[in-house]
Amino acid sequence: MPPLFEPTRQAALTRLAAVQPDAYARTRNALDGAVTGLSPYLTHGLLSLREVYAAVHARQPLDAKHKFVFELGWRAYYRHVWAHLGPGLHQSLHPGLLPDAAYVAQMPADVLEARSGVAAIDLAVRTLYTTGYLHNHARMWLASYLVHLRRVHWHTAAQWMLGHLLDGDVASNHLSWQWVAGTGSTKPYLFNADNVAKYAPAPWHSPGTVIDTSYEALDLLARSASAPGHGVDGRAADGCAQGRADDHPMGAGLSPPALLATPPDALWSPPDASAVAGRDVWLQHPWSLGAVPQGLGDDALVVGVGLAECHAQTPWSTRRWDFVGAGLQAQTSALWWATAPQLAEALRGARAVGWQAEPHADAALASVQALLAAGKGAAVITAHAVPCLFEPVPKHCQSFAQWWRQTRIAL
Ligand SMILES: Cc1cc2nc3c(=O)[nH]c(=O)nc-3n(C[C@H](O)[C@H](O)[C@H](O)COP(=O)(O)OP(=O)(O)OC[C@H]3O[C@@H](n4cnc5c(N)ncnc54)[C@H](O)[C@@H]3O)c2cc1C
């Protein structure tokens, strides 16, 4: 079976051509609704928000209040927050329901192995592992269950999900987790079995489990000082059936795919200084899998580069490494894996070096730039910025509504 997401520009454009904004607005909350599947392409630079908006708007003029534009806005807003907070995004933005110390820093084995006994959770985990993609509603359910019913710290669980998602994006991911946890929003996100039954097909329904209760009961569980019942022993703390692995139609669970801080395959090699000496070099990185810029000289060398510093804290699944490796290979056969100092050393003899700016890679590439600038015969560096869809708002906005009032579409 072909992968759901091919890491090619053509596959990205095919998805873009299939977007139906009105059907999206009507059905996006349902698991089988007309969602776009654009996020892996946006995260890895095969499409930009501006390009997505322009293509859909050209087919059907979109009011800025259209739900589709609004959702693109959420992605841009999270980037706005990240630009202001930097690494502060890894901390709770404000206290949640309970102190941070009340949450554990380890993922529960039964959830990792998709055998919690709650069908909605186990199917979400299976889908995540087998496709690298999850519908927004399933992400919200999984996040809410882990934080509020299993007392896992949002950051621990966010790092896990990020590594398995093909679209894993630190801003959208960590800030969405904070939104669910209530550390980045005014109230936590809770859901129950009725909500799952409304938006998901039958196999996801979870009657008789810990989530089959009222919102008031869930709120009490989420706020209670003692940790809620865990695992697959069949009972939650309040006596509500949690679901037994051996009763469960999906059986005994599965082995969670590993998350790797270095690429698992032999595609990548160490940098080769002799290949770049005296040449213009364009660095294609995992967040810029799109076409190389026009106007590169005929003898310019395109190099796919993975920088160890970008991945040390956020390891990826093999599926994601494969997506990125194949996407880079579509542009070049030179794939280098290096630390920033190793890359700078190899590039020292290049005539000029350029790349696309992207916040996941900027810090590591800035240190390459600094090392080159400090050395003799430094290359000329240019970092190309991706044009924004929404006008930048200089002041940090604490809420989406505040940001939305101050920005506008900038085509
Ligand atoms: C716990 C949790 C973790 C998440 N992690 C990520 C992540 O790592 N990377 C990521 O790109 N998105 C993340 N999201 C946001 C959202 O779930 C995905 O962007 C969306 O599901 C991607 O699928 P799609 O392209 O089919 O989206 P569609 O619903 O078709 O939306 C179109 C585009 O709009 C943007 N968008 C839609 N909904 C949101 C949203 N709630 N927040 C931000 N942007 C949105 C995305 O760019 C998306 O590609 C997360 C949400 C939650 C609740």
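Calculation rules
- Residues numbered from 1 in each chain as written.
- Predicted model: local features only at pLDDT ≥ 70, side-chain atom pairs only at ≥ 80, totals over all residues.
- Heavy atoms only, no water.
- UniProt positions renumbered as here; feature names shortened; annotations may be inferred.
- Helix = DSSP H or I, 4+ residues; strand = E, 2+ residues; numbered from the N terminus.
- Axes fitted to C-alpha atoms, helices over the stretch in contact; angles between N-to-C directions.
- Left-handed = near helix turned anticlockwise from the far one by under 90°.
- Contact = heavy atoms within 4.5 Å.
- Nonpolar A, V, L, I, M, F, W, Y, C, P; charged D, E, K, R; others polar.
- Pairing = 2+ DSSP bridges.
- Near = heavy atom within 4 Å.
- Polar contact = N/O pair within 3.5 Å; in protein donor to acceptor, adjacent residues only side chain to side chain.
- Areas by Shrake-Rupley, 256 points an atom, 1.4 Å probe, with all protein chains shown as cover.
- Core = buried A, V, L, I, M, F, W, Y, C linked by side-chain atoms within 4.5 Å.
- Buried < 20%, exposed > 50% of the residue type's maximum accessible area, 1.4 Å probe, protein only.
- Domains from an automatic or database assignment.
- Buried area = accessible area lost by both parts, 1.4 Å probe.
- Salt bridge = Lys/Arg side-chain N within 4 Å of Asp/Glu carboxyl O.
- Phe/Tyr/Trp six-rings, centres within 6.5 Å; stacked < 30°, edge-to-face > 60°.
- Lys NZ or Arg CZ within 6 Å of the ring centre and 35° of its normal.

S.K.: How should the UniProt feature "domain: Cryptochrome/DNA photolyase FAD-binding" (unreviewed entry) in the chain be read in this particular structure?
M.R.: On the UniProt side, "domain: Cryptochrome/DNA photolyase FAD-binding" (unreviewed entry) is annotated at positions that read residues 68-196 here. With 59% helix and 0% strand, residues 68-196 has end C-alpha atoms that lie 23 Å from one another.

S.K.: Would you mind going over the packing of helix α7 (residues 119-131) against helix α8 (residues 136-149) with me for this structure?
M.R.: If you want to describe how two helices pack, look at the angle between their axes and the distance between the axes. Packing of α7 against α8 brings their axes to within 10 Å, and their N-to-C directions diverge by 115 degrees. As α7 packs across α8, the resulting crossing turns out to be left-handed. The segment α7 lies against α8, with Ile121, Ala124 and Val125 engaging Ala138, Trp141, Leu142 and Tyr145. Partitioning the contact of α7 with α8 into residue classes produces seven nonpolar, no polar and no charged.

S.K.: Whenever I open this one, the sheet that holds strand β7 (residues 380-384) confuses me. Can you help?
M.R.: Across a sheet, paired strands are connected by hydrogen bonds in the backbone, their directions being either parallel or antiparallel. Reading across the sheet, the five strands line up as β5-β3-β2-β6-β7 and stay open at both edges, with parallel pairing between neighbours. Looking at the sheet topology across the chains shown, the edges are occupied by β5 (335-338) and β7. Looking at each pair of strands side by side, their axes are set apart by 30 degrees on average, direction ignored. Strand direction decides the pairing type here: strand β2 (residues 280-284) and strand β6 (residues 352-356), joined by four bridges, are parallel. Each bridged residue has a counterpart across the sheet, and for tryptophan 282 the counterpart in β6 is glycine 354.

S.K.: Hey, could you run me through the site of the ligand in this one?
M.R.: Taken together, 27 residues surround the ligand, and among them Tyr24, Thr36, Gly37, Tyr133 and Asn136 come closest. For the ligand, a nitrogen atom lies 3.2 Å from a polar atom in the side chain of glutamate 71. For the ligand, whose free accessible area comes to 810 Å², the fraction covered by protein is 97%. Where the shell around the ligand is concerned, the elements lending two or more residues are α3 (39-43), α5 (67-85), α8 and α10 (170-181).

S.K.: Before we go on, may I ask you to explain the nonpolar core in this structure?
M.R.: In a soluble, globular protein the nonpolar side chains are often hidden away together inside. Core analysis: the biggest nonpolar cluster contains 73 residues, and Phe68, Leu283, Leu343, Leu347 and Val353 have the highest contact counts within it. With eight residues, α5 is the single largest residue contributor to this core.

S.K.: Explain the domain arrangement of the chain here, please?
M.R.: Interfaces are often sized by the accessible area lost when the parts come together. As assigned here, the chain comprises domain 1 (9-88), domain 2 (94-223) and domain 3 (259-378). Look at where the C-alpha atoms of domain 1 and domain 2 centre, and you get two points 23 Å apart. Taken together, the contact between domain 1 and domain 2 spans 15 residues of the former and 21 residues of the latter. Here domain 1 and domain 2 share an interface that buries about 1500 Å² over both sides, 63% of which is from carbon and sulfur atoms. Three residues stand out in domain 1 for area buried against domain 2, namely Asn29, Leu31 and Tyr78, and they jointly supply 44% of the buried area on that side. Here domain 1 is connected to domain 2 by two salt bridges.

S.K.: Would you mind showing me how to read unusual backbone geometry here?
M.R.: Excluding glycine, a negative phi dihedral is what most residues carry, and trans is how most peptide bonds are arranged. The residue alanine 114 is not glycine, and still its phi comes out positive at about 55 degrees. Assignment of secondary structure puts alanine 114 in the loop between α6 (109-112) and α7. Assessed through its relative accessible area of 1%, alanine 114 is described here as buried. Despite not being glycine, arginine 151 shows a phi value in the positive range, around 55 degrees. Tracing the chain through its elements places arginine 151 in the loop between α8 and α9 (154-164). A residue is classified by how much of its surface remains accessible, and arginine 151, at 2% relative accessible area, is buried.

S.K.: What's the story with the pattern of salt bridges in this structure? I'm lost.
M.R.: Pairing of side chains with opposite charge becomes possible as their charged atoms draw close. Here the structure, examined in full by the defined rule, presents 14 salt bridges. For glutamate 71, the salt bridge is made with arginine 28, and the minimal N-O distance between the two is 3.4 Å. You can see glutamate 71 sitting in helix α5 and its partner arginine 28 sitting in the loop between α2 (21-27) and α3, a full 43 residues away along the chain. When sorted by exposure, glutamate 71 lands in the same class as arginine 28, which is buried. For arginine 115, the salt bridge identified is with glutamate 113, shortest N-O distance 2.6 Å. Taking the relative accessible area as the measure of exposure, glutamate 113 reaches 25% and is therefore partly exposed. A single salt-bridge network, built from bridges that share partners, covers Arg75, Arg79, Asp169 and Glu358.

S.K.: How do you make sense of the packing of aromatic side chains when you look at a structure like this?
M.R.: The description of an aromatic ring pair uses the distance of the two centres, along with the angle that the planes make with each other. Applying the stated rule across the entire model yields 27 aromatic pairs. On the basis of an interplanar angle of 40 degrees and a centroid distance of 6.0 Å, the ring pair of tyrosine 77 and tyrosine 78 is categorised as tilted. Here tyrosine 77 matches tyrosine 78 in class, with each residue buried. Measuring from centroid to centroid gives 5.7 Å for tryptophan 321 and tryptophan 337, while their planes differ by 80 degrees, and the two rings are edge-to-face. Residue tryptophan 321 is located in helix α15 (residues 318-329), and its partner tryptophan 337 is located in strand β5; the two are separated by 16 residues in the primary sequence. Like tryptophan 337, tryptophan 321 is buried. Taken together, the ring pairs in this structure connect Phe70, Trp74, Tyr77, Tyr78, Phe390, Phe400, Trp403 and Trp404 into an aromatic cluster. Seen from the ring of tyrosine 133, arginine 139 lies directly overhead, with NZ or CZ sitting 5.6 Å from the centre.

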